[in-house]
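Commentary on secondary and tertiary structure
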Amino acid sequence: MPGQPMRASAAQVMLAVEQGQSLSQCLPPALKRLPENERPALQALCFGTCRWFFRLDGELQSRLKKPLKPVDRVVHHLMLVALFQLRHSQQATYAVLNETVEACRTMGRPHLTGLVNGVLRAAEREGEPAPQSDSVSFSHPPWMVEKLRHNWPDDWHNILDTNNTQAPMTLRVNARRFNRDRYLELLAETGIGARATAFAPHGIQLAAPVPVDQLPYFADGAVSVQDEAAQLCTTLLELAPGQRVLDACAAPGGKTCAILEACEGLAEVVAIDESADRLPRIEENLERLDLDASVQQADAANTDQWWDGRFFDRILLDVPCSATGVIRRHPDIKLLRRESDIVALANIQLGLLTALWQTLKPGGRLVYGTCSVFPQENHRIIRRFLNQPDEMVLLEPDVLWGHDTGAGRQLLPVPHSHDGFFYAVLEKPVQ
Ligand SMILES: C[S@@+](CC[C@H](N)C(=O)[O-])C[C@H]1O[C@@H](n2cnc3c(N)ncnc32)[C@H](O)[C@@H]1O
């Protein structure tokens, strides 16, 4: 049966995610082992099962009299993948059942085929049970539901619902090559449905995702894939020719390139990232777009290691964060993130902000950004920083997007529109 190897792979990938690997780590090797025409289906199975994990797992646990032995945990995931298909796909039920039972056998668990068959037949016959908690109902870990409810009493259910939808594909038109209207025309001529984004001046949102090689002049650097919220950093930086700009947490370079496209004649753009693995992605993006930056591997917080003492006019600090504003693009975050991560991340974020402030020229501007929806990583970091003795001014950008938090603007994820993001703009007064 053709679906068995894919099913077994999906279960193995889900087990790896449960054990702490991200989909971007464990999915590519699994995809490589399958024939090319089966790869999109494996990707859809893994993303879908992660997205609905807490809901599917709630149902599966209620159907199992006792948990499987740890050594058979992969069979638990095999059943979750099958449940995902029963509840969220058009796949024929008999095929899901037969292939899953067969996969259980070929994965060396013949003693569990009866259980798998019984559980899935009951699931098919009885339909989905009523969810017993908000965690199961909204398919998010309990701590995340509680934190969002506490932080966003009027919006938490919208955030959770949006996280369970498919994110749109959004482009940033390279302003050095095309204006947006011209590129929209090109897309229309190619038969690709699209519209201009509401807030980002160079953004185009596609009606449906397409492979990048189908986008006109993609290889020549006409456009990049970047969410609208991520694009907004350049408008906040107020770039001008002659400025020296630092992109402190730069990989894979989406915002570095957006900065370079937004303003010709910058004196220099320094792009730093501490991850040696991610650094080549910055170089690749610069190369495709024919842009130049000084790319360095360093811990940005350790300024002794990399800073030459010359001040920056502009700093973009797009800190590492919980990524809870982009869960619909990375549904594995639901399984990977722990509540305790948030405090640890907040300390790293404040450390980076404090260290990099020293490298900003008096009169210069720093834009702090995250793709998180938790105030602990966002306006509370800015508040904590403003309590420190250094002089600084919090600017209130004149924009039409996001919620004013009193210390920065918070975008929440919106269905068929932008991701969740946070920005604060700080200026260092001239003494
Ligand atoms: C949110 S991502 C940046 C995304 C990037 N700005 C873009 O738009 O393409 C955060 C990045 O920070 C990097 N990072 C984490 N801690 C760092 C540190 N102490 N110094 C420099 N980079 C760091 C991570 O490797 C990761 O690539």
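Residues numbered from 1 in each chain as written. Predicted model: local features only at pLDDT ≥ 70, side-chain atom pairs only at ≥ 80, totals over all residues. Heavy atoms only, no water.

**Some words on the pattern of salt bridges**
Within this structure, the stated rule accounts for 24 salt bridges. Notably, a salt bridge pairs Arg-55 with Glu-128, separated by 2.7 Å at the nearest N-O pair. Residue Arg-55 is located in helix H4 (residues 53-63), and its partner Glu-128 is located in the loop between helix H7 (113-126) and helix H8 (134-138); the two are separated by 73 residues in the primary sequence. Classification of Glu-128 by relative accessible area gives partly exposed; the value is 35%. A salt bridge links Lys-255 to Asp-318; the shortest N-O distance between them is 2.6 Å. In this pair, Lys-255 is assigned in helix H14 (residues 254-262) and Asp-318 in strand E8 (residues 312-318), connecting sequence segments 63 residues apart. On the accessibility criterion, Asp-318 (17% relative accessible area) is buried. (Salt bridge = Lys/Arg side-chain N within 4 Å of Asp/Glu carboxyl O. Helix = DSSP H or I, 4+ residues; strand = E, 2+ residues; numbered from the N terminus. Buried < 20%, exposed > 50% of the residue type's maximum accessible area, 1.4 Å probe, protein only.)

**Considerations on unusual backbone geometry**
Of the consecutive residues Ala-251 and Pro-252, the connecting peptide bond is found in the cis state with omega at 5 degrees. Along the chain, the position of Pro-252 falls in the loop between strand E5 (244-247) and H14. Even without being glycine, Glu-238 reaches a positive phi, approximately 50 degrees. Relative to the helices and strands, Glu-238 resides in the loop between helix H13 (233-237) and E5. In this structure, Asp-290 is a non-glycine residue whose phi angle is positive, near 60 degrees.

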